[in-house]
Amino acid sequence: FSYAGDMVALFKQLKAELAQASGQPAPEVLEIDWVGTSMGGLIGLATSTVPPQASGVKMRRVVFNDVGPRLRAEAVARIGEYLGRPLHFDTAQAAADYLWSISTGFGPHTPEEWFRLCVPLLKPAEGGGFKLRYDPALADPFKAITPEAAASGEAMLWQVYDAMASQVLILRGQDSDLLDHETAVAMTERGPRARLVSFPGVGHAPTLIHEDQIAPIRDFLLA
């Protein structure tokens, strides 16, 4: 939920920039659509708890890409195994090859597609080469999760989901080890009663760069 505070600060900055660019006062409350993959989806879920009067935005439509209130413990542990490692790569291609070795669940991609996906994740390292562009401390919460904390967190997230007023679309890789089928179906039956679209041959998580994955998002947001 700390990330939700960061998003509120970002919304306020964007509203100020919008007002400056247009020369007109920004609306008191802006309507936005949210597309969030994995952690991005959870941040969207947490942000939905902030009243529009406080955040300055109303979340109209929300897309949860392979994430929900219940996360399978095995998948969380798997992600925690590789997060936070102080990795160094001599070349961008070496980094892309490593990232593919831990990300095959993302589904079929050409080498060119995968390389383009990886380049934004890299930044130059001191002395040459590359390292990953994220805070290694991101791994700490994964390593601190206990079964008791996971159960408590799940109950809280379901309460937040059930209270959502937005229209919701769920995307799920049929082979996902993070968002299981039962949880995805439950999300269609309670709270905002989301729509569910699944992609065969894909695990966690769909990368949303192929037309069959883009189309349902486009149709949902433009409906």
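The structure we're discussing is the one just above.
The structure presented is a predicted model; accordingly, all values stated were derived computationally and were not measured.

**So, the packing of aromatic side chains**
Here the structure, examined in full by the defined rule, presents five aromatic pairs. For the ring pair Phe64 and Tyr161, a centre distance of 6.4 Å and an interplane angle of 50° mean the geometry is tilted. With Phe64 in strand β2 (residues 57-65) and Tyr161 in helix α8 (residues 147-162), this pair connects stretches of sequence that are 97 residues apart. For the pair shown, Phe64 and Tyr161 are each scored as buried. Linked through ring pairs, Phe64, Trp158 and Tyr161 together constitute an aromatic cluster. Over the ring of Phe220 we find Arg61, and its NZ or CZ is 5.8 Å from the ring centre. Between the NZ or CZ atom of Arg190 and the centre of the ring of Trp158, over which it lies, the distance is 4.1 Å.

**Notes on helix α9 (residues 181-189)**
Every buried residue of α9 is accounted for by Thr183, Ala184 and Met187. One side of α9 holds all its buried residues, which, seen down the axis, span an arc of 100°. Turned more than 90 degrees away from the buried face of α9, the exposed residues are Glu182 and Glu189. One or two steps after α9, the chain reaches Gly191, where phi turns positive at roughly 60°.

**Quick word on the sheet that holds strand β6 (residues 195-199)**
Paired through backbone hydrogen bonds, the strands of a sheet run either parallel or antiparallel to each other. Overall, parallel pairing links the four strands, which are arranged β1-β2-β5-β6 in an open sheet. One side of each edge strand has no neighbouring strand; the edge strands of this open sheet are β1 (30-37) and β6. Each adjacent strand pair in this sheet contributes to an overall mean axis angle of 20°, direction not counted. Inspection of the sheet shows strand β5 (residues 167-173) paired to β6 by five bridges, in the parallel sense. Residue pairing across strands places Leu171 opposite Val197, the latter belonging to β6. Docked against the sheet, helix α2 (residues 39-47) engages β1 and β2, running at close to 145° with respect to β1. In the packing of α9 onto the sheet, the strands contacted are β2, β5 and β6, and the crossing angle to β5 comes to about 165°.

**Description of unusual backbone geometry**
Here His204 and Ala205 are connected by a cis peptide whose omega angle stands at 5°. Here Ala205 shows up in the loop between β6 and α10 (211-222). Although it is not a glycine, Ser38 adopts a positive phi angle of roughly 55°. Position of Ser38 relative to the elements: it lies in the loop between β1 and α2.

**Comments concerning the environment of Arg195**
Structurally, Arg195 can be placed in strand β6. Residues Arg195 and Val168, spaced 27 residues apart in sequence, show a C-alpha to C-alpha distance of 6.5 Å. If we ignore the near neighbours within four places in the chain, the residues touching Arg195 are Gln167, Val168, Leu169, Ile170 and Phe220.

What counts and how
Residues numbered from 1 in each chain as written. Predicted model: local features only at pLDDT ≥ 70, side-chain atom pairs only at ≥ 80, totals over all residues. Heavy atoms only, no water. Phe/Tyr/Trp six-rings, centres within 6.5 Å; stacked < 30°, edge-to-face > 60°. Helix = DSSP H or I, 4+ residues; strand = E, 2+ residues; numbered from the N terminus. Buried < 20%, exposed > 50% of the residue type's maximum accessible area, 1.4 Å probe, protein only. Lys NZ or Arg CZ within 6 Å of the ring centre and 35° of its normal. Arc of directions from axis to C-beta. Pairing = 2+ DSSP bridges. Axes fitted to C-alpha atoms, helices over the stretch in contact; angles between N-to-C directions. Contact = heavy atoms within 4.5 Å.

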